[in-house]
Structures are given as structure tokens and as C-alpha cells.
Amino acid sequence: MSHPTATVSSPATASSAPAAEPAPVIEIIGLSKRYDSGFEALKQVDLEIRRGEIFALLGPNGAGKTTLISIICGLVNASAGQVLVDGHDNVSAYRAARAKIGLVPQELTSDAFETVWNTVRFSRGLFGRKPDDAHIERVLKSLSLWDKRKNKLITLSGGMKRRVLIAKALAHEPEILFLDEPTAGVDVALRRDMWEVVRELRASGVTIILTTHYIEEAEEMADRIGVINGGEIVLVREKQALMRQLGSKQLTLQLQQPLASVPPALSHYPLALDEGGSVLVYTYDASDPNAQGQVPISTLLNDIEAAGIRFKDLHTKQSSLEEIFVKLVRERQ
Amino acid sequence: MNLQAVRAIYCFEMARAGRTLLQSLVSPVISTSLYFVVFGAAIGSRIQEVEGVSYGAFIVPGLIMLMLLTQSVSNASFGIFFPKFTGTIYEVMSAPISYFEIVLGYVGAAASKSAVLGLVILGTANFFVDLHILHPFMMLLFLVLTAITFSLLGFIIGIWADSFEKLQLVPLLIITPLTFLGGSFYSIDMLPSVWQAVTLANPVVYLVSGFRWSFYGISDVSVVASLVMVFVFLGVSLAVVNWIFRTGYRLRP
Ligand SMILES: Nc1ncnc2c1ncn2[C@@H]1O[C@H](COP(=O)(O)OP(=O)(O)OP(=O)(O)O)[C@@H](O)[C@H]1O
Ligand SMILES: [Mg+2]
């Protein structure tokens, strides 16, 4: 089990992948991290990030998300393993590797007495780029920070500080952007704005790796999803495939008359009664219509009708990524 | 060489000094003036010439050294400690910069500041006493090398310190006593012979002595010894900085 990514790759993902896969933009090989305290934060992580994708890294608190990102970005030394950024080893060829990366850290940090404009300009210089005020103006405008450019950072709200960190990360026009919980503590409207910015970046060819605790964020944004738990990558999958594959669906019927039990005529279906017999629930796998014991919905409905059961209303529900995620993490514990 | 980055750090640090101009320039000038009033005028009037130099003039090089050492250390240590403390250091550590470039930016800025400060104090001293500088080039060399060396020391302290207390501790407990006992305000000859021997173990003695020599041609120890000591400090500081970055000590967990 030292290569969890290999074990989870299913025929479904293999067949949907393009024939000649382009080189990954980030390649992580056997990465381990043991902190000085002796704590093993990463255990033999293998992961590939595809060029131009949005990759969401999910995992509970302390799973190792920030540690993983910190090693890639050069903030933390790995104990073992290798990271290639666009083919450049991030230790021996750190200049080439780091120049391609922009990082928005999880913690809000800022030079309190600097102005927005100066701090973003500083970031560009730090990454060895010639001053380009037009670019910085574009970045600030896209993040609705243009009006605040002369403000000292200490005068900004938390959400604005977060945006300043994003602007700083974009100042040197990186090809890869890491967002470590970019929307923590950000209100709904601003979160939508940020998603928009991220989508625009993706459209311009930037690869984005984000961590989040808002599953809806991953569901909304990501092309692929990785789940990390206890320092191990437990799953990497296309979001669509993941939702299809692991997502069971439920058909719920509100009955006109409560039932005491499921009639024998319907006993071969996986049916359950709920809410004191007034609700009939049918659980099925939407991704595989030929699964054992499964028939088309219309057949089921006909049989229910024939059994003399009348219903007022019906609806279906697909399990969310959140449920899938919680299930996965629990299974591993 | 990522010159843009060196420039960015250097300018950032200089701008920080600009914002705190009062603290970084005016206060050392005021305290130096006070030294002159107390030591130069009040005490100096009772002390005769020291080796042919009036006492007021005699203490000028020592005073500049005192300021140079304390300001270099405090400037440089704060410059690196603060981003570490607030967390903004992440950006520097994730940038495509070599260790050497980071040191060049931070230590270069701190050393420039204290070297300028040294010159400002020299100008201030000129108001109080008649100054001659016998060896201006050597004077500048000592000034610049000391500024760089002790800025490096400050940089090391700033990385080592994980609290504000520790940041203050070394300057307070080590640098200041060593400078006061380093012959800033007296010639070593004035001490009993036992203490003369002890004093020679104080590295600051060599700096003050060499610096004073560049002014008046008089010294406690030979100029060559002073120069050698400056380079030894510089070498040791560079070695420690090199070790810090190689191991990631307190910077990269
Ligand atoms: N410098 C450090 N020294 C020792 N242990 C550390 C250090 N940094 C992190 N850890 C430990 O490593 C584990 C992973 O931490 P990490 O910050 O990577 O988690 P995370 O997935 O980002 O969590 P969160 O969702 O809370 O941000 C945690 O148990 C943490 O306590
Ligand atoms: Mg984290």
C-alpha cells in the first residue's frame, strides 16, 4: 500500500484519460516528511498535477495539506522523496522551479505598514521579474483592490488581506498557483468572486492547486480531487467520475397513506420505509444501471403502482462530495 | 543572480528605516550628543589629554563604534526577526533567491543604514570637538567592515531569536558591555595591568583601537591586529550564516 495512487486508479479513469498524456506540471515522487518533533506528516506521497487543471486537495485538519504545499514551494525541507516542477527538481533547480510558482498561504500575514501597491510590487521583484506596473494594475483590478492600492495593509479587512495575498502571488505571473484555503473566513459574495478569478486564471492556462474545507468549493471548481488523510493520499480522481462512482442516488416517494411494511410484492427491491411509514426510499447506483438487482426507475414505479401504493410527490438526490468525503475519511480511521 | 530580488529586499528595508526615521537616525544622534555633553564636557574638563589628544576628541571613534555596533546588530536582527515573527518570511523563502542574495539584501541594508549613521554621528561630533582624520580611507574601511560584520551578527541573532526577549538579550547582555569595556572611553594603558590582559580578550578593543588609529594615529593594539580581528569576525559570521542556510536552521522546518 505504499503507492495508494496506483491502487485507486480504476478502469473508469484509465479509459477516460487521453491516449498520449502530456507531462505533468508537478510530479511528486515518494515524498515523506518527519518533523523534528518526530511527527510523520507525510508518508510516501506520490502525486501528479496535470497542466492547466484545477486540483482540489481535501482532508481533515492536520492531514498534511499545508505540509505538502510547503515542501513543493520550498518552505519546508522534505525528509525523503522528490518534487519536479515542470521537470525542474525543486531542490537542485530551485530557481527554475520556484519562479513558476505562486503561493497564497493559509495564514493571513502582511507587512502592516506597507501599502497594497508597494507590497505587490515587492513580490514581483522578489521573484526576479522586472517592474511592470501595468500587470500589477491588472491584477489589482481583477481582485477589486484597485481602489485600495494606496491603503496601508493594517487598514484592510480580513477578506481584503486575503485578496492582497492572492495579488502578491500573481504579481510575478506564475504558471502554477497554490491556494491554501483561499476562502477561509471569506463571505459568500466574495467567495463567488474568488471562484471567478480562479476560473479566469485557469482559462489563461494557469494550473491551480487549492485546499479547502468547503466541499462545495471543490465540487464547484475542481477538475480533479485528491483526498489526503493522516499524511497519505487516499484517493485521486476526476471529480465527475468520483461523484458518479461513489455517489449513490436516492429516490424518495411521499406516500398518500403510511405503510406498516414494504409489501411482499416489492420485497426484491432495496426499499426502505421512513418517517413512520409515510416515506418510501429507494437507493440505487446511478452510474451503473446494470448493477445487480437494479431495474429502470419506470419499472419500479409501475410495480409500486401495481402494488396499490399511491404517492403525492417524489424526488431524487445524489450524495454530495461531502458525504463521499466523510465516508472515505471514516473508513480509514 | 536575482538582482531584482536583492534590490526589492534592500529597498524594502531602507523604506522601513525611512518610515522610522526618528527612531533610526534622530535618537542615536541625540544620545551621542548626550555622551559628548557628559563625557566630553563634564568629565573631559577634568581629564587631561590622552596621548596628546583632547579627551573630547579621543572618545569620538569609540562613540561611533559603540553606535555602529549596537545599531548594526539591532537593525539587522529586527529586519529578519520581524518577518519571521509575523510570518511574511514565507514569501522570501518561496522565492527563487539564493541564500547569498537574501543575506545581501537584508545585511546590505542594515550595514548601509548603520554606516550612514556612523557618518552622521561623525558630523555631529564635529560640532563639539575639533576632528582630524589622519587616515580617511582606513577610517572608512573600518567603518564599513564593522557595519557589515555586526549586521551579519545581528542577522544571526534575528534568526536564532524566537521571542522579543531573546532579540533584546544578546545586545543588552553582550554587545553593550563589551563595547563599554572595549576602550571606547579610555585608553587601555589607563587600566591596571591585570585588567589590561583581560581586556585584550574583548574583541571590541581591536575594533575601537584600529578605528581610533585611523583618526589620530594612536592605538592600544597594532593596526594589523585590528584588521586581522575584523576579518576573523567577518569570517566567523559568514561561516555561521552559511551553516544556518545549509541546515535550514529556524527558517525551514
Ligand atoms: N513545524 C512543525 N513541527 C511539527 N509538527 C508540525 C509542524 N507543522 C505541522 N506539523 C504537524 O503536521 C501535521 C500536518 O499539518 P498540516 O499543517 O500540513 O495540516 P493541514 O492538512 O494543512 O491541516 P489544516 O486543515 O488544519 O490546515 C499536523 O499534525 C501538524 O501538527
Ligand atoms: Mg493547512
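An unreviewed UniProt entry lists chain B under the name Transport permease protein, with Salinicola endophyticus given as the organism. Word for word, the UniProt comment on chain B under Sequence similarities (unreviewed entry) is "Belongs to the ABC-2 integral membrane protein family."

(A) Local environment of the overall build of chain A. The helix and strand inventory of chain A stands at 12 helices and 14 strands. Counting over 333 residues, chain A shows a buried share of 47%. Within chain A, contacts between residues separated by at least 24 positions form 69% of all contacts whose residues are at least 6 apart in sequence. If you sum the accessible surface of chain A, you get close to 15700 Å²; carbon and sulfur atoms cover 50% of it.

(B) View of the coordination of the magnesium ion (ligand 2). Residues and elements named next belong to chain A. Looking at the magnesium ion (ligand 2), the protein donor atoms are Thr-66 (OG1) and Gln-106 (OE1), and they sit 1.9 to 2.1 Å from it. Here Thr-66, found in helix H3 (residues 65-73), pairs with Gln-106, found in the loop between strand S6 (101-104) and helix H5 (116-126); they are 40 residues apart in sequence, far enough to count as distant. On the basis of relative accessibility, which here comes to 31%, the residue Thr-66 falls in the partly exposed class. You can call Gln-106 partly exposed: its relative accessible area is 28%.

(C) Layout of the UniProt feature "transmembrane region" (unreviewed entry) in chain B. All names here are of chain B. UniProt records the feature "transmembrane region" (unreviewed entry) at residues 21-43, 55-82, 103-125, 137-157, 169-188, 194-211 and 223-245, using the numbering of this structure. Between the first and last C-alpha atoms of residues 55-82 the distance is 40 Å; the span itself is 100% helix and 0% strand. Here residues 194-211 runs as 83% helix and 0% strand, with 24 Å between its end C-alpha atoms.

(D) Spotlight on the interface of chain B and chain A. Taken together, the 27 residues of chain B in the interface contact 29 residues of chain A. Buried area between chain B and chain A, both sides added, is near 2500 Å², and the carbon and sulfur share of it is 58%. Where chain B packs against chain A, one counts 2 salt bridges. Put simply, Arg-95 of chain A and Glu-101 of chain B hold a salt bridge, and the shortest N to O gap is 2.8 Å. Where chain B packs against chain A, one counts 11 residue pairs in polar contact (both at pLDDT 80 or more). Mapped onto the side of chain B that touches chain A, the elements with two or more residues apiece are helix H1 (3-19) and helix H4 (89-94) of chain B. Per element, the largest residue contribution to the side of chain B that touches chain A is 7 residues, and it comes from H1 of chain B. For the side of chain B that touches chain A, the per-class residue count stands at 13 nonpolar, 9 polar and 5 charged.

(E) Main features of the side chain of Lys-33 of chain A. In this fold, Lys-33 of chain A is placed in strand S1 (residues 26-34). Buried Lys-33 of chain A, no salt bridge; nearest opposite-charge side chain is Asp-36 of chain A, N-O distance 5.9 Å. Here the side chain of Lys-33 of chain A touches Pro-253 of chain B through a polar contact of 3.3 Å, landing on its backbone oxygen. Those residues in contact with Lys-33 of chain A that sit more than four places away from it in its chain are Phe-39, Glu-40, Ala-41, Leu-42, Thr-67, Ile-71, Val-76, Asn-77, Ala-78 and Ser-79 of chain A together with Pro-253 of chain B.

(F) A look at the sheet that holds strand S5 (residues 88-89) of chain A. Residue and element names in this part refer to chain A. Taken in spatial order, the 4 strands line up as S2-S1-S4-S5 in an open sheet, and their pairing is antiparallel. Whereas interior strands pair on both sides, the edge strands pair on one side only; in this sheet they are strand S2 (40-49) and S5. Sheet topology places strand S4 (residues 80-85) next to S5; 2 bridges connect them, and they run antiparallel. Each bridged residue has a counterpart across the sheet, and for Leu-84 the counterpart in S5 is Asp-89. The sheet contacts of H3 involve S1, S2 and S4, and relative to S1 the element is tilted by about 115°.

(G) Spatial organisation of the domain arrangement of chain A. In terms of domains, chain A is made up of domain 1 (11-244) and domain 2 (248-318). Computed over C-alpha atoms only, the centres of domain 1 of chain A and domain 2 of chain A are separated by 44 Å.

(H) Inspection of the sheet that holds strand S9 (residues 224-229) of chain A at higher detail. All names here are of chain A. The 6 strands lie next to each other as S6-S7-S8-S3-S9-S10, forming an open sheet whose pairing is mixed. Each having just a single partner strand, S6 and strand S10 (232-238) make up the two edges of the open sheet. Put simply, the sheet's adjacent strands are angled 15° from each other on average, direction ignored. Both S6 and strand S7 (residues 176-180) contribute to a ladder of 4 bridges, which runs parallel.

(I) A look at helix H9 (residues 203-216) of chain B. Residue and element names in this part refer to chain B. Look at H9: 21 Å from first C-alpha to last across 14 residues, which is about the 20 Å you get at 1.5 Å a residue. Of all 14 residues that make up H9, 13 are buried, and the element is covered over most of its length. The opening residue of H9, the one whose side-chain oxygen lies 2.9 Å from the backbone nitrogen of Val-204, is Asn-202. Immediately beyond the C-terminal end of H9, within one or two residues, lies Gly-217, with a positive phi of roughly 75°.

(J) Main features of the nonpolar core. The biggest cluster of nonpolar side chains holds 149 residues, and the ones touching the most others in it are Ile-26 and Phe-178 of chain A together with Val-60 and Phe-155 of chain B. Examining the composition of this core, we find that 14 residues originate from one element, helix H3 (residues 55-86) of chain B, more than from any other. If we ignore the near neighbours within four places in the chain, the residues touching Phe-155 of chain B are Ala-76, Ser-77, Ile-80, Ile-102, Val-103, Tyr-106, Val-107, Val-241 and Phe-245 of chain B. If you look at the next biggest cluster of nonpolar residues, it comprises 12 residues, including Leu-251, Leu-271, Leu-280 and Tyr-284 of chain A.

(K) Geometry of the site of ligand 1. Residue and element names in this part refer to chain A. Around ligand 1, the structure places 15 residues, and the nearest of them are Asn-61, Lys-65, Thr-66, Thr-67 and Gln-106. The separation between a nitrogen atom of ligand 1 and a polar side-chain atom of Tyr-35 is 3.4 Å. The backbone of Gly-62 places a nitrogen or oxygen atom 2.8 Å from an oxygen atom of ligand 1. Relative to its unbound accessible surface of 640 Å², ligand 1 loses 67% to contact with the protein. If you tally residues by element for the shell around ligand 1, the top one is H3, at 3 residues. Along the lines of polarity and charge, the residues of the shell around ligand 1 split into 5 nonpolar, 8 polar and 2 charged.

(L) Examining unusual backbone geometry more closely. For Gln-44 of chain A, which is not glycine, the phi dihedral falls at a positive 50°. Of note, Gln-44 of chain A is situated in strand S2. According to the relative accessible area criterion, Gln-44 of chain A is partly exposed, its value standing at 36%. The phi dihedral of Arg-250 of chain B is positive, around 60°, even though this residue is not glycine.

Conventions adopted
Residues numbered from 1 in each chain as written. Chains lettered and ligands numbered in written order. Predicted model: local features only at pLDDT ≥ 70, side-chain atom pairs only at ≥ 80, totals over all residues. Heavy atoms only, no water. UniProt positions renumbered as here; feature names shortened; annotations may be inferred. Helix = DSSP H or I, 4+ residues; strand = E, 2+ residues; numbered from the N terminus. Buried < 20%, exposed > 50% of the residue type's maximum accessible area, 1.4 Å probe, protein only. Contact = heavy atoms within 4.5 Å. Areas by Shrake-Rupley, 256 points an atom, 1.4 Å probe, with all protein chains shown as cover. Donors = N, O, S within 2.8 Å, 3.2 Å for Na, K, Ca; no water. Buried area = accessible area lost by both parts, 1.4 Å probe. Salt bridge = Lys/Arg side-chain N within 4 Å of Asp/Glu carboxyl O. Polar contact = N/O pair within 3.5 Å; in protein donor to acceptor, adjacent residues only side chain to side chain. Nonpolar A, V, L, I, M, F, W, Y, C, P; charged D, E, K, R; others polar. Lys, Arg positive; Asp, Glu negative; His and termini not counted. Pairing = 2+ DSSP bridges. Axes fitted to C-alpha atoms, helices over the stretch in contact; angles between N-to-C directions. Domains from an automatic or database assignment. Expected span 1.5 Å × (residues − 1). Core = buried A, V, L, I, M, F, W, Y, C linked by side-chain atoms within 4.5 Å. Near = heavy atom within 4 Å.

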